[in-house]
Amino acid sequence: MVWEGASLWILAGHQEPAALDSHSHHAIQITFQLKGSFEFGIGGELLKGPIAVIGSDTHHTFRASGAAAHLFIEPESPAGIALGETLLSGRSGVNIADGPMIETLEELRKCYQRGISSDEVLKLGKSILGRLPVVEVGSLRDKRVLEMIAYARRNLEDTVLLPSAADHVHLSPSRARHLFAGQTGLPFKTFVLWLRLERAVALYAGGSTLTQAAHEAGFADS
């Protein structure tokens, strides 16, 4: 299930091992081993279960058998910033084999075994976010960047351009461009595309058709 800034997916196992070639995504990914095994490849390093955290925009491969839960978190959200500063601490990925998140893993396994509804998955995902490390408000990213992101979210149905977002936070386009890229690691236009995809996936998961989801997220077609 998808909500603003995060999504939780519980994927049933396959008879044959699943594999994804090297790819990256802007979201921070936390994968929980529910059944079987999984393996991430980051450069020459392998990360395995029971829990692995993959940093934002990190190129990685993925192989799995059985079942896993994937929690994707927007790195600019408070939870994403906290993960970057605590669990990841500048690293591309980490394994977690003990600590409070193991309790979360056990809860996910029980839910997987008995089966849960979409509403329960959403509730569980938000509950997991609430258990993650936190950071002080003062250590969050530049408030102007956060407001540019909020502005883009509110206007995804329309054309969202950098000059209008820059004007909204009282910056010149050139200053806003450099500040945004420096804080998020992405150009503003690319980040807006990420937000549109996030919105479209949320709408599709909520029952909209692909065409409806695409239009409401600001795409011309599916």
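> Before we move on, can you summarise the packing of helix α2 (residues 101-114) against helix α3 (residues 118-131) with the specific residues and values?
It is at 11 Å that the axes of α2 and α3 come closest, and there the two elements cross at 175°. Classed by the angle they form, the pair α2 and α3 counts as roughly antiparallel. Residues T104, E107, L108, C111 and R114 of α2 form the contact with α3, whose own contacting residues are E120, L124, I128 and R131. Here the residues of the contact of α2 with α3 sort into four nonpolar, one polar and four charged.

> Tell me what's going on with unusual backbone geometry, and back it up with residues and numbers.
The linkage connecting G49 with the following residue, P50, adopts the cis geometry, with an omega of 15°. Positionally, P50 belongs in the loop between β5 (45-48) and β6 (51-54). Here the phi dihedral of D57 falls at roughly 60°; this positive angle occurs in a residue that is not glycine. Tracing the sequence through the fold places D57 in the loop between β6 and β7 (60-73). Assessed through its relative accessible area of 33%, D57 is described here as partly exposed. Although it is not a glycine, H170 sits at a positive phi angle of roughly 60°. Assignment of secondary structure puts H170 in the loop between α5 (162-168) and α6 (173-184). Using a relative accessible area of 73% as the deciding quantity, one classes H170 as exposed.

> Residue-level account of the side chain of R109, with values.
As for its placement among the helices and strands, R109 is situated in helix α2. Only 3.2 Å separates the side chain of R109 from the side chain of E106, close enough to count as a polar contact. Setting aside its immediate chain neighbours within four residues, R109 contacts Q33, L34 and P50.

> I'd like a rundown of the pattern of salt bridges, residues and numbers included.
Inspection of every chain in the model, using the stated rule, returns seven salt bridges. The partner of E39 in a salt bridge is K48, with the nearest N and O atoms 3.9 Å apart. Residue D142 pairs with R144 through a salt bridge whose shortest N-O separation is 2.9 Å.

Cut-offs applied
Residues numbered from 1 in each chain as written. Predicted model: local features only at pLDDT ≥ 70, side-chain atom pairs only at ≥ 80, totals over all residues. Heavy atoms only, no water. Axes fitted to C-alpha atoms, helices over the stretch in contact; angles between N-to-C directions. Helix = DSSP H or I, 4+ residues; strand = E, 2+ residues; numbered from the N terminus. Parallel < 35°, antiparallel > 145°, perpendicular 65-115°, else oblique. Contact = heavy atoms within 4.5 Å. Nonpolar A, V, L, I, M, F, W, Y, C, P; charged D, E, K, R; others polar. Buried < 20%, exposed > 50% of the residue type's maximum accessible area, 1.4 Å probe, protein only. Polar contact = N/O pair within 3.5 Å; in protein donor to acceptor, adjacent residues only side chain to side chain. Salt bridge = Lys/Arg side-chain N within 4 Å of Asp/Glu carboxyl O.

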